[in-house]
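If you want the building blocks of each chain, they are given just below.
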Amino acid sequence: MRESPATNCPTVINTRFANAVIRSRRKLCLCATGIMGVEVFSSSSYVTLASSWRLCKTTCTICPHTNTSMAASSSGYSRMFFNLRKYANKSQSLYHINTFNLVIRTLWISGSKTQLQPKVHTKSLPQMVGVVGLEIHAQIQSTSKLFSGSHVRFLAPPNSLVSHFDASLPGTLPVLNRRCVEAAVLTGLALNCTINGKSLFDRKHYFYADMPAGYQITQQRVPIAVNGMLVYSHFEGHRRNPVVTKSVKIKQIQLEQDSGKSLHDDERGQTLIDLNRAGVGLMELVMEPEMCCGEEAAAAVRELQLIVQALGTCQANMAEGQLRVDANVSVHRPGEPLGVRTEVKNINSVRHLAKAIDYEIQRQMEVLQSGGTVLNETRAFDSKSGNTVPMRDKEGLQDYRFMPEPNLPPLFVYESEASVPAGVDPAQVVVIGRLSAQLPELPSVKRTRLVETYGILQEHSFTLVNEDGLMDYFESVVQMTKAEPRKVIGWVIKELMGNMNSQSLKVSQSPISPSALAELINLVESGHISSSTAKQVFQEMWKAPEKTVGQIVKEQNLWMINDKEELQKICKRIVESHPEEVQIIRGGNKKVLNKLMGEVQRETKGRTDPVQVRAILEKMVS
């Protein structure tokens, strides 16, 4: 490094940074020097600025004999000389700036030809945004595999559900499972896909120890369903309101067989193979890259879960691997081509999916902003650290050598029974019209119906539909009680869900039946018990479900006090024991009356009507 002679002010230089020394008292200095260092000096205390080679960050520190410190972020590079009228360049090494009484001296890094240029005022670039596409493998809910009669069961003993075909023994042939075809068609219809009357099977060649055939049977060329649409909703903002509805295109749905499972034993340095999962039927759903963040992707996957569960085509339990999601993530500036994408795998929950995508978007933005390059690679999500970590690069395009599956003819499905060829039994083929008639009420339709029929809030409809069995529970209570649905929803969401969540229970495991909750609500509506008392009774019912509501109320003497004379005696006793509060109320502070009401409720254990108690107290203190 060389330096222009002007002063003997101290300068700190190393291989990464060119430091500039500024003598100035209590002045904010932001660095914009690039890989060129600058000395600026004036009157008193020394300030050391470290300018990064990559223009990514600058740290300002004070020399030992000063007591001030400053820090400048990357945005400060273009702002340091905003108020300085002249700039240092290679031909002129010393300038006097009258405005600040400062002297600037340039420092040059050997071998670098970069020069400090005046700030050019250009239109700021648009902010980078994330782009997310999803590939989802949904395990078809079927008792047997896609091409063999082997049973499908989670946590079965290793290699106990393997047929000759699953093990790829010579001479074995695939036999297509009609149930799997019907499940794929049903899912396609629910997602507004076009069902191909003729689809084809292909071989996708790659070698893994858990793929004994050396290839996977899939549908690459002509899948069973294409051009669909998934409509999903999510909450925006910190207050989770309002509900925003969006959609994402479904490129295709294809049938394919699953691979086996590799179990790595690090201690013994070996890998064990379990082929129970080999050949299990999958639906691969490919979503176009139209989402922008983890929250949107998570909402789309959650909606898909609800749809396939309602259809009965997939149980969609991510913890058991029945729904596996791979996220393709990239970033770019709007109007520019999409950036290099990374594929994030090993995501086993909707919550982790949102975290993984948001982390990956932020990581790629930081890489690009620091002048780096995003690699086309496969990454895994580490749920403990919340980060994505590299698995393998994908720079080289893998050749899967797709070829038509010679052992399977084209797959035909028919629009209606009338279109089935003569001589073919309609009961033995897949008919789209027949499956369309079997479509159940889908989640979006359920939510709309709940809001319109019962007048509940939209966010409550999401809670009812998202929790398995909760909507049926709510509607059963509504049918058995005289209370308004909006009151019932409060009991279901707050009391019932609160207790279930605290004990990690499902609706089917609730100790309080819909009829028992309806009986409790009816007692409140009829005025036999107060709402506060009812909450106490609810907790007793949860602890002792064998007892009826009437038994609990009778045993604990929780019936409402409706005797007016008894109420007046209780209120009079409270008023006489709180003379100071009474004087304050008579002085015009009516809010203190709430304290007296609380005392009455405490003495009666909540067995009084607050409206009636307030009327009596107001009359007594007036």
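Since the model is a prediction, treat every value here as computed from it, not as a measurement. (Residues numbered from 1 in each chain as written. Predicted model: local features only at pLDDT ≥ 70, side-chain atom pairs only at ≥ 80, totals over all residues. Heavy atoms only, no water.)

S.K.: What am I meant to see in the packing of aromatic side chains here?
M.R.: Aromatic ring pairs are defined here through the distance separating the ring centres and the angle between the ring planes. Applying the stated criterion across every chain yields a total of nine aromatic pairs. Between Trp491 and Phe538, the aromatic rings sit 6.1 Å apart at their centres with planes inclined by 45°, giving tilted as the arrangement. Of this pair, Trp491 sits in helix α8 (residues 485-502) while Phe538 sits in helix α10 (residues 531-543), and the two are 47 residues apart along the sequence. We note that Trp491, like Phe538, is buried. The ring of Phe462 is capped by Arg447, whose NZ or CZ atom sits 4.4 Å from the centre of that ring. (Phe/Tyr/Trp six-rings, centres within 6.5 Å; stacked < 30°, edge-to-face > 60°. Helix = DSSP H or I, 4+ residues; strand = E, 2+ residues; numbered from the N terminus. Buried < 20%, exposed > 50% of the residue type's maximum accessible area, 1.4 Å probe, protein only. Lys NZ or Arg CZ within 6 Å of the ring centre and 35° of its normal.)

S.K.: Is there a simple way to explain the packing of helix α12 (residues 564-576) against helix α15 (residues 610-621) in this structure?
M.R.: Two quantities define a packed helix pair, namely the angle between the helix axes and the distance between the axes. Taken N-terminus to C-terminus, the directions of α12 and α15 make an angle of 50°; their axes are 10 Å apart at the nearest point. With respect to α15, the axis of α12 lies oblique. Of the two possible hands of crossing, α12 and α15 adopt the one that is right-handed. Residues Leu567, Gln568, Cys571, Lys572 and Val575 of α12 form the contact with α15, whose own contacting residues are Gln612, Val613, Ile616, Leu617, Met620 and Val621. Here the residues of the contact of α12 with α15 are counted per class, giving eight nonpolar, two polar and one charged. (Axes fitted to C-alpha atoms, helices over the stretch in contact; angles between N-to-C directions. Parallel < 35°, antiparallel > 145°, perpendicular 65-115°, else oblique. Left-handed = near helix turned anticlockwise from the far one by under 90°. Contact = heavy atoms within 4.5 Å. Nonpolar A, V, L, I, M, F, W, Y, C, P; charged D, E, K, R; others polar.)

S.K.: For this particular structure, what's the right way to read the nonpolar core?
M.R.: Most often, soluble globular proteins have nonpolar side chains that are buried together. Formed by 66 residues in total, the largest nonpolar core has its most connected members in Leu134 and Val185. Once residues within four sequence positions are removed from consideration, Val185 is found in contact with Ile195, Ile224, Val413, Val430, Ile432 and Leu435. Core analysis: the second largest hydrophobic core is formed by 38 residues, Tyr454, Leu470, Met497 and Val537 among them. (Core = buried A, V, L, I, M, F, W, Y, C linked by side-chain atoms within 4.5 Å.)

S.K.: It is not clear to me how unusual backbone geometry should be interpreted in this structure. Could you clarify?
M.R.: Negative phi characterises most residues that are not glycine, and trans characterises most peptide bonds. If you check the backbone angles, Ser168 has positive phi at about 60° while not being a glycine. By secondary structure assignment, the location of Ser168 is in the loop between β9 (129-139) and α1 (178-190). When its relative accessible area of 27% is taken as the criterion, Ser168 is described as partly exposed.

S.K.: Just checking my understanding: could you explain the layout of surface pockets for this structure?
M.R.: Unfilled space is identified by rolling a water-sized probe across the atoms. A volume near 1,300 Å³ is recorded for the second largest pocket. Considering the residues around the second largest pocket, the lining is formed by 40 residues, among which Arg302, Gln305, Leu306, Asn466 and Glu467 are closest to the centre. Across the lining of the second largest pocket, the residue classes break down as 17 nonpolar, 13 polar and ten charged. (1 Å grid on protein atoms, 1.4 Å probe; cavity = no way out; pocket = protein on both sides within 12 Å on 5 of 7 lines; lining within 4 Å. Points joined across faces, edges and corners; volume = space filled by probe spheres on them.)

S.K.: Looking at this structure, how should I read α15?
M.R.: At 3.6 residues per turn, the α-helix brings residues three or four places apart onto the same side. The end-to-end C-alpha distance of α15, which contains twelve residues, comes to 16 Å, matching closely the 16 Å that a straight helix rising 1.5 Å per residue would cover. What α15 keeps buried is the set Val613, Ile616, Leu617 and Val621. Buried residues of α15, viewed axially, fall in a sector of 120°; they line one side. Turned more than 90 degrees from where α15 packs its buried face, Val611 and Lys619 sit exposed. (Expected span 1.5 Å × (residues − 1). Arc of directions from axis to C-beta.)

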